[in-house]
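# Summary of structural features
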Amino acid sequence: MRQKIVIIGGGAAGFFAAITCAENNPDAKIIILERGKEVLQKVKISGGGRCNVTHACFDPKELCEFYPRGNKELLGPFHQFMTGDTMQWFEDRGVELKIEADNRVFPVSNSSQSIMDVLLKSTTKLGIVTKLNHKVESFKKAGDQWSIITNKGDFIADKLLIASGSNTKIWEMLEKLGHTIIQPVPSLFTFKINDKRIKEIPGVSVVNATVSIVNSEFQTNGPLLITHWGMSGPAILKLSAFGARFLAEKDYQYNVEVNWLSKPTQHVLESLKSIRKDNQKKQIILKSAFQEIPKRLWENLVLASEIDSNSKWADVSNKQLENLSNQLTQGLFNANGKSTFKEEFVTAGGINLKEVNFKRFESKLHSNLFFAGEVLNIDAVTGGFNFQNAWTGGHIVGNTMAEK
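Residues numbered from 1 in each chain as written. Predicted model: local features only at pLDDT ≥ 70, side-chain atom pairs only at ≥ 80, totals over all residues. Heavy atoms only, no water.

### Regarding the pattern of salt bridges
We apply this condition: Whenever a carboxyl oxygen of Asp or Glu lies within 4 Å of a side-chain nitrogen of Lys or Arg, that contact is scored as a salt bridge. Counting from the N terminus, the helices are the DSSP runs of H or I reaching at least four residues and the strands are the DSSP runs of E reaching at least two.
Scanning the entire structure with this criterion turns up 12 salt bridges. For arginine 93, the salt bridge identified is with glutamate 23, shortest N-O distance 3.1 Å. Of this pair, arginine 93 sits in the loop between α5 (83–92) and β4 (97–99) while glutamate 23 sits in helix α1 (residues 12–24); the two residues are 70 residues apart in sequence, bridging distant segments of the chain. Connected via shared salt-bridge partners are Arg50, Lys98 and Glu100.

### As for the sheet that holds β4
Put simply, the rule is: Each pair of strands is called paired provided DSSP finds at least two bridges between the two strands.
One open sheet holds the 3 strands; their spatial order is β3-β5-β4, and the pairing between them is antiparallel. At either margin of the open sheet sits one strand with a lone partner, and together these are β3 (54–55) and β4. With 2 bridges connecting them, β3 and strand β5 (residues 104–107) associate as antiparallel partners. Opposite histidine 55, over in β5, you have arginine 104 as the bridge partner.

### Remarks on the pairing of strand β12 (residues 189–193)
For clarity, the threshold we go by: Partly exposed residues are those whose accessible area sits between 20% and 50% of the maximum for their type, while under 20% is buried and over 50% is exposed, using a 1.4 Å probe and protein chains only.
Burial analysis of β12 places 4 of its 5 residues in the buried class, the great majority of the element. Looking at chain direction, β12 and strand β15 (residues 230–232) are connected through 2 bridges and run antiparallel. Opposite lysine 192, over in β15, you have glycine 230 as the bridge partner.

### Examining the packing of helix α10 (residues 265–278) against helix α12 (residues 318–329)
Stated precisely, the cut-off is as follows: Angular values range over 0 to 180 degrees, each being the angle between N-to-C directions of two axes fitted as lines to C-alpha atoms, with helices fitted over their stretch in contact. The cut-offs work like this: below 35 degrees is roughly parallel, past 145 is roughly antiparallel, 65 to 115 is roughly perpendicular, and the gaps in between are oblique. For any pair of crossing helices, the crossing counts as left-handed if the nearer helix is rotated counterclockwise from the farther one by less than a right angle, and right-handed if it is rotated clockwise. Throughout, a contact is declared for two residues whenever any of their heavy atoms are within 4.5 Å. Residue type decides the class: Asp, Glu, Lys and Arg count as charged, Ala, Val, Leu, Ile, Met, Phe, Trp, Tyr, Cys and Pro as nonpolar, and the leftover types, Gly among them, as polar.
At a minimum axis separation of 9 Å, α10 and α12 run at an interaxial angle of 130°. Regarding the angle of α10 to α12, the classification is oblique. Two packed elements cross with a definite hand, and for α10 against α12 that hand is right-handed. When α10 is examined against α12, the residues Thr265, Val268, Leu269, Leu272, Lys273 and Arg276 are found in contact with a partner set consisting of Asn318, Leu321, Glu322, Leu324, Ser325, Asn326, Leu328 and Thr329. Of the residues that constitute the contact of α10 with α12, the class distribution is 6 nonpolar, 5 polar and 3 charged.

### A look at the nonpolar core
Keep this limit in mind: Throughout this description, the term nonpolar core refers to a set of buried Ala, Val, Leu, Ile, Met, Phe, Trp, Tyr and Cys residues connected via side-chain atoms within 4.5 Å.
Counting 85 residues, the largest nonpolar core has Phe90, Leu119, Phe139, Ile148, Ile162, Leu174 and Leu376 as the members making the most contacts within it. For this core, the element with the highest residue contribution is α1, accounting for 9 residues. Ignoring anything within four residues of it in the chain, the contact list for leucine 376 reads Gly349, Gly350, Ile351, Leu353, Val356, Phe358, Phe361 and Phe371. In terms of nonpolar packing, the next biggest core, distinct from the first, is built from 48 residues, Val206, Val268, Leu269 and Ile307 among them.

Laid out in structure tokens, this is it:
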């Protein structure tokens with residue numbers, strides 16, 4: 001008897017699992033059910049249409065640190081299938097990859113189509129059937145098998161993989177089977193800040209700012225970008241991911257402290273006093289005292305420190321320099337709301353990880369029920385990490401489902 005395997009969800013995790021399973025068990029009959037009219041939509045739009053396949057971090061323990069949720073659970077799986085394995089997998093199938101300066105990995109073609117093509121060709125070659133516009137209405141145990149009912153017909157499976165991403169309807173069906181769902185909240189988003197210090201200077205960026213959410217343990221550092229909305233860039237996105245639940249509980253009303261220089265306040269104050277001594281006749285606003293601070297941002301921080309735009313360094317009092325060092329190292333900004341980061345909407349939430357056996361990515365409550373990708377309460381910062389979770393989960397679950 002050929003094993004029947006049904007995969008709900010035609011995204012990265014579902015495809016990778018299907019291909020791995022078919023390569024290891026050519027006799028298996030594998031069907032992917034996709035509710036939309038196209039598959040691999042997140043692959044298509046990720047990285048601005050270039051597809052950020054993975055990240056060039058090759059140490060499993062270090063890689064786990066990029067996952068606010070799932071870091072403990074992924075350590076074992078990453079020892080089985082890592083970022084380097086992902087790169088090898090695509091390159092073995094003819095997709096040339098490159099590592100960019102920030103360690104993100106993209107196809108050399110700069111087109112997500114290269115990644116989609118290799119996944120689609122592999123499924124065709126292996127005889128995997130993909131059914132589009134098949135919306136799953138329910139699934140339940142039928143003896144040793146699974147019965148799946150869709151809007152376009154019913155299916156029976158020996159093994160069922162849920163790789164449906166952040167699909168609330170599927171989560172509700174899993175709750176009926178006894179699984180606990182951690183309620184989803186947005187994870188990767190930019191901070192909405194209306195503040196005259198940054199209002200007129202969208203596009204200005206700082207290479208290494210330290211940003212923290214006031215009255216919390218959450219702090220990150222890295223590039224920060226000022227936008228029309230407020231603040232974005234890797235430092236902000238990382239903070240939004242790690243602080244996702246905390247910020248949701250605060251209803252996205254919170255204060256942010258920014259150290260634009262990532263240096264101690266006292267150290268900056270001493271530097272300013274020294275600059276004052278050496279540049280007495282120069283106008284303070286005309287040139288940024290720190291190369292890390294772009295001129296337009298410097299001008300705004302000087303004015304916010306109650307220093308007149310015409311003031312020369314010699315005119316500035318110690319108190320005003322203290323104000324300026326505070327603006328540079330502990331500027332307080334009121335954030336009011338959030339906005340989605342590009343199209344890469346990621347949620348924190350999903351199946352409670354305690355209910356999953358991560359050696360097999362199998363449900364602890366029901367045998368032959370598997371999970372991979374964002375349907376689990378696993379998410380990461382931006383940079384290819386969410387895809388790596390999909391590839392790793394898909395690989396392990398594909399091998400597991402291929403077992404005779």
